[in-house]
Amino acid sequence: MSESTALGGPLRAIIADDDAFARRVIRDALEKAGVTVVAEARNGRQAVELAVYYRPDVVLMDVVMPELDGILATRRILKQLPDQLIIVLTGTADEEDELGLQAIRAGAAGYLSKDVDIEALPRALEAVSRGEAAISRQMTRRLIERIRQAPNGPIDMRPVKSPLTSREWEVIVLLEGRMSTEAIADQLVLSTETVRSHVKNILRKLEVRSREDAVAAVKRMREAPLADDDAV
């Protein structure tokens, strides 16, 4: 968060959207609510450059843009500015489920449909600046339902008792998908050195020597029956 915001000043934002009219409407709504728009981007590549240069409190990012889409732009910004807050705007409610999940996986602090009331955008920026997530109530319900229905997803595949941290479990799940170190780094918005460090810790904790052995070990952990003191 910028020093001005920490001292009670206005939020500083960047708007990234290839539609000039949409940028104008969003800018007017934000400035009317006291948000300072420090820059506007016409494409994803510009959004990355401007975010790194201005380091705003929040980036409001359209998901569909030329040169670099909003999801990839979000990943690239967070690789350079891990604490940057980004809200991704999806096209319509019909697209929101899948694109919204991709945005969250990319590291966005929230995602909203462009169908949302324009007056709600300043409140969304304020919410993420306070550490809250900017997700509509309707989308939250749909997201919960998707998690409940997901068969054998990473969330419910983690044993209750495990020597691995949450981040290490994210890495091992991607290793199960035979992803390379570089692909895992891109997926989790980490450096390749950090991923290698996580893999090294996983091998040490599971007392194995290879990635393949680690994958086999976690499979056995998931399939192992609960001990008496673990049963509910």
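Residues numbered from 1 in each chain as written. Predicted model: local features only at pLDDT ≥ 70, side-chain atom pairs only at ≥ 80, totals over all residues. Heavy atoms only, no water.

K.L.:
Mind showing me how you'd approach unusual backbone geometry here?
P.N.:
Negative phi characterises most residues that are not glycine, and trans characterises most peptide bonds. At Arg 55, a position not held by glycine, the phi torsion is positive, near 50 degrees. In this fold, Arg 55 is placed in the loop between helix 3 (44-54) and strand 3 (58-62). (Helix = DSSP H or I, 4+ residues; strand = E, 2+ residues; numbered from the N terminus.)

K.L.:
Honestly, the pattern of salt bridges in this entry has me stumped. Any pointers?
P.N.:
Should the charged atoms of two oppositely charged side chains come close, the side chains can pair. Tallied over the entire structure, the rule returns nine salt bridges. With a shortest N-O distance of 3.4 Å, Asp 28 and Arg 24 are connected by a salt bridge. Of this pair, Asp 28 and Arg 24 both sit in helix 2 (residues 20-32), four residues apart, which is roughly one turn of the helix. Judged by its relative accessible area of 40%, Asp 28 is partly exposed. For Arg 24, a relative accessible area of 53% puts it in the exposed group. Among the ionic pairs, Arg 167 bridges to Glu 170, the shortest N-O distance being 2.8 Å. Of this pair, Arg 167 and Glu 170 both sit in helix 9 (residues 166-176), three residues apart, which is roughly one turn of the helix. Here Glu 170 falls in the partly exposed class, since its relative accessible area comes to 37%. (Salt bridge = Lys/Arg side-chain N within 4 Å of Asp/Glu carboxyl O. Buried < 20%, exposed > 50% of the residue type's maximum accessible area, 1.4 Å probe, protein only.)

K.L.:
Help me understand the side chain of Thr 74, please; the structure alone is not making it clear to me.
P.N.:
Here Thr 74 lies in helix 4 (residues 70-80). Reaching out from Thr 74, the side chain makes a polar contact with the backbone oxygen of Gly 70 at a distance of 2.7 Å. The residues touching Thr 74, leaving out its near neighbours within four places in the chain, are Met 61, Ile 86, Val 88, Ala 106, Gly 107 and Ala 108. (Polar contact = N/O pair within 3.5 Å; in protein donor to acceptor, adjacent residues only side chain to side chain. Contact = heavy atoms within 4.5 Å.)

K.L.:
What's the story with the packing of helix 9 against helix 10 (residues 181-188) in this structure? I'm lost.
P.N.:
To characterise two packed helices, one gives the angle between the axes of the helices and the distance between these axes. Following both chains from N to C, one finds helix 9 and helix 10 inclined at 130 degrees, their axes separated by 10 Å at the closest point. Classified by the angle their axes make, helix 9 and helix 10 are oblique. Note that helix 9 runs across helix 10; the crossing there is right-handed. For the pair helix 9 and helix 10, the contacting residues are Arg 167, Glu 170, Val 171, Leu 174 and Leu 175 in the first and Ile 184, Gln 187 and Leu 188 in the second. Of the residues contributing to the contact of helix 9 with helix 10, the split by class is five nonpolar, one polar and two charged. (Axes fitted to C-alpha atoms, helices over the stretch in contact; angles between N-to-C directions. Parallel < 35°, antiparallel > 145°, perpendicular 65-115°, else oblique. Left-handed = near helix turned anticlockwise from the far one by under 90°. Nonpolar A, V, L, I, M, F, W, Y, C, P; charged D, E, K, R; others polar.)

K.L.:
Explain the side chain of Arg 12 to me, please; I cannot follow it from the model alone.
P.N.:
By secondary structure assignment, the location of Arg 12 is in strand 1 (residues 12-16). Summary of buried charges: Arg 12 has no salt-bridge partner, and the nearest side chain of opposite charge, Asp 57, is 5.0 Å away. One polar contact links the side chain of Arg 12 to the main-chain carbonyl oxygen of Arg 55, over a distance of 3.2 Å. (Lys, Arg positive; Asp, Glu negative; His and termini not counted.)

K.L.:
Sorry, what's going on with the sheet that holds strand 6 (residues 134-135) here?
P.N.:
Through backbone hydrogen bonds, the strands of a sheet pair up, either in parallel or in antiparallel fashion. Spatial strand order, 2-1-3-4-5-6: six strands in an open sheet with parallel pairing. Across the chains shown, the open sheet's two edge strands, defined by having one partner strand only, are strand 2 (36-41) and strand 6. As judged from the two bridges shared by strand 5 (residues 110-113) and strand 6, these two strands associate in the parallel manner. If you follow Gly 110 over to strand 6, its bridge partner there is Ala 134. Contacting strand 3 and strand 4 (85-90), helix 4 crosses the sheet at an angle of about 155 degrees to strand 3. Across the sheet, helix 6 (residues 120-129) touches strand 1, strand 3, strand 4, strand 5 and strand 6, and the angle it forms with strand 4 is around 145 degrees. (Pairing = 2+ DSSP bridges.)

K.L.:
What should I look at first to understand the packing of aromatic side chains in this one?
P.N.:
Enumeration according to the criterion identifies one aromatic pair in this entry. For the ring pair Tyr 53 and Tyr 54, a centre distance of 4.8 Å and an interplane angle of 85 degrees mean the geometry is edge-to-face. (Phe/Tyr/Trp six-rings, centres within 6.5 Å; stacked < 30°, edge-to-face > 60°.)

K.L.:
Would you mind going over the nonpolar core with me for this structure?
P.N.:
One broad trend across soluble globular proteins is that nonpolar side chains are buried collectively. Counting residues in hydrophobic clusters, the biggest one holds 26 residues, and the most contacted among them are Ala 16, Val 59, Met 61, Ile 77, Ile 86, Val 88 and Ala 103. Once you skip the residues sitting within four places of it in the chain, Ala 16 turns out to touch Ala 41, Ala 47, Leu 60, Met 61, Asp 62 and Met 65. Counting residues in each nonpolar core, the second largest holds 20 residues, with Ile 202, Val 208, Ala 217 and Val 218 among its members. (Core = buried A, V, L, I, M, F, W, Y, C linked by side-chain atoms within 4.5 Å.)

K.L.:
Hey, could you run me through the confidence of the model for the protein in this one?
P.N.:
Any segment with low pLDDT has predicted coordinates that should not be analysed in fine detail. Chain-level statistics for the protein give a pLDDT mean of 82 and a share of 78% at 70 or above. Contacts from residues 226-232, a stretch scored under 50 in pLDDT, to residues over four places away or in other chains number three contacts. (pLDDT = per-residue confidence, 0-100.)

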